[in-house]
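# Report on the structure
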Amino acid sequence: MATKYKYDKDTDYAALMEQAAQRGDNAAAAIYEQQRNAKIRGEGMADQEQTNDYAQYLPLEDVPDYDDTHRREAESLLTERDTTAQRSRIDQMLDALLGEEFNYDPASDQLYAAYRQQYERQADLAAANALGAAAALTGGQASTAAVAASQQAGGYYRAMLAGKLPELAQLAYERYSGERKTRLSAIDSLLDAADSRDGVTKAQIAALLDMDDADFTRADSKLQQQAKDAADAKAAADKKAKEEKDAAEKAEKAARSDARRQITLILRNGGTVPDDLWQQSGYSAVTIAAMLRGRKG
């Protein structure tokens, strides 16, 4: 468990659990149930059975991480059950399933490759457009500012590609999870078709598989919620950053426009434009020189 539950050896947690359930507080009942389990283990109460009837109502951080204990118990029973070809096939399927681990590799993800091609194309186009637009302001020459603008425009789309990785990894995990459940269902179907002469053992195996599936579902829900929380946090941060960037660009544009109006009035009246006003205007050195020559002419 993610949380180590403490207990008082003199407290009747079963009664507290029942009372919480009767008033509809399943979350409290789940905590009392785990404290009862901890008491049973800690006090060596072999005559008492541990339960997890309310485990689904535990707070998210207290949801158990998935392990394959029940699945391995089922595998052990299957090994003892018989040595027929059918059982051997089920054992192989279980071995293959238990030996797999989820590992996301973008290099082998066709969806990532498609996004990469798309964003690289957009990045190149944006960089070329930015370079052309910036160079147009400097008489067709690629200034340092033009190159920087080009790199920034291209970098924006490459950053978007990097930001897609968590989403693509989550999609890959969902596919993996769906395939795993499908294979578990196939194993269950094979078990149902097995010889019924060991029906008691078969029932035990089915129960273990059900518990394994419940454990996996709870752990999977936890992972899904964590992924959603991370995605929501990232979306909020991206939105805030965009708003701040838009506000800064708007303020910069307004200041530049105001500076250019002031420069026009000063030059029209034969005055001298302060250096800081030239800087605020955003005019290139070439443009400034041309404007000063025009005034002299």
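Residues numbered from 1 in each chain as written. Predicted model: local features only at pLDDT ≥ 70, side-chain atom pairs only at ≥ 80, totals over all residues. Heavy atoms only, no water.

### As for the overall build of the protein chain
Scanning the protein chain for helices and strands turns up 9 helices and 0 strands. The buried share among the 297 residues of the protein chain stands at 28%. Once local pairs closer than 6 in sequence are excluded, the contacts in the protein chain between residues at least 24 apart make up 66%. Surface summary for the protein chain: the accessible area is close to 18,800 Å², and the carbon and sulfur share equals 51%. (Helix = DSSP H or I, 4+ residues; strand = E, 2+ residues; numbered from the N terminus. Buried < 20%, exposed > 50% of the residue type's maximum accessible area, 1.4 Å probe, protein only. Contact = heavy atoms within 4.5 Å. Areas by Shrake-Rupley, 256 points an atom, 1.4 Å probe, with all protein chains shown as cover.)

### Some remarks on the confidence of the model for the protein chain
When pLDDT is averaged along the protein chain, the result is 75, and 68% of the positions lie at 70 or above. Ranking the elements of the protein chain by mean pLDDT puts helix H5 (residues 110-136) last with 66 and helix H1 (residues 13-22) first with 94. (pLDDT = per-residue confidence, 0-100.)

### With respect to the pattern of salt bridges
Side chains carrying opposite charge are able to pair once their charged atoms draw close together. Applying the stated criterion across every chain, the model contains 3 salt bridges. Linking Lys 242 and Asp 246 is a salt bridge whose minimum nitrogen-to-oxygen distance equals 2.9 Å. Of the two residues, Lys 242 and Asp 246 are both situated in helix H7 (residues 199-268); the distance of 4 residues between them amounts to about one turn of the helix. Assessed through its relative accessible area of 34%, Asp 246 is described here as partly exposed. (Salt bridge = Lys/Arg side-chain N within 4 Å of Asp/Glu carboxyl O.)

### Some details on the environment of Ser 257
Following the sequence through the fold, Ser 257 ends up in helix H7. Residue class for Ser 257 comes out partly exposed when judged on its relative accessible area of 32%.

### Considerations on helix H2 (residues 26-42)
Between its first and last C-alpha, H2 extends 24 Å over 17 residues, near the 24 Å set by a 1.5 Å rise per residue. Of all the positions in H2, only Ala 28, Ala 29, Ala 30, Glu 33, Gln 34, Gln 35, Arg 36, Asn 37, Ala 38, Lys 39 and Ile 40 are classed as buried. The secondary structure elements touched by the buried residues of H2 are H1. With its phi angle positive at about 65 degrees, Gly 44 sits one or two positions after the end of H2. (Expected span 1.5 Å × (residues − 1).)

### So, H1
Buried within H1 are the following residues: Tyr 13, Met 17 and Ala 20. Axial view of H1: buried residues confined to an arc of 65 degrees, hence all on one face. Its side-chain oxygen at 3.2 Å from the backbone nitrogen of Ala 14, Asp 12 defines the N-terminal cap of H1. Gly 24 lies just past H1 and shows a positive phi near 85 degrees. (Arc of directions from axis to C-beta. Polar contact = N/O pair within 3.5 Å; in protein donor to acceptor, adjacent residues only side chain to side chain.)

### Considering the packing of H1 against H2
Where H1 meets H2, the closest approach of the two axes is 8 Å, and the angle between their N-to-C directions is 165 degrees. As summarised for this structure, H1 and H2 are arranged roughly antiparallel, according to the angle between their axes. The two elements H1 and H2 meet at a crossing, and its hand is left-handed. Facing H1, whose interface residues are Tyr 13, Ala 14, Leu 16, Met 17, Ala 20 and Ala 21, H2 presents Asn 26, Ala 28, Ala 29, Tyr 32, Glu 33, Gln 35, Arg 36 and Lys 39. Across the contact of H1 with H2, the residue classes break down as 9 nonpolar, 2 polar and 3 charged. (Axes fitted to C-alpha atoms, helices over the stretch in contact; angles between N-to-C directions. Parallel < 35°, antiparallel > 145°, perpendicular 65-115°, else oblique. Left-handed = near helix turned anticlockwise from the far one by under 90°. Nonpolar A, V, L, I, M, F, W, Y, C, P; charged D, E, K, R; others polar.)

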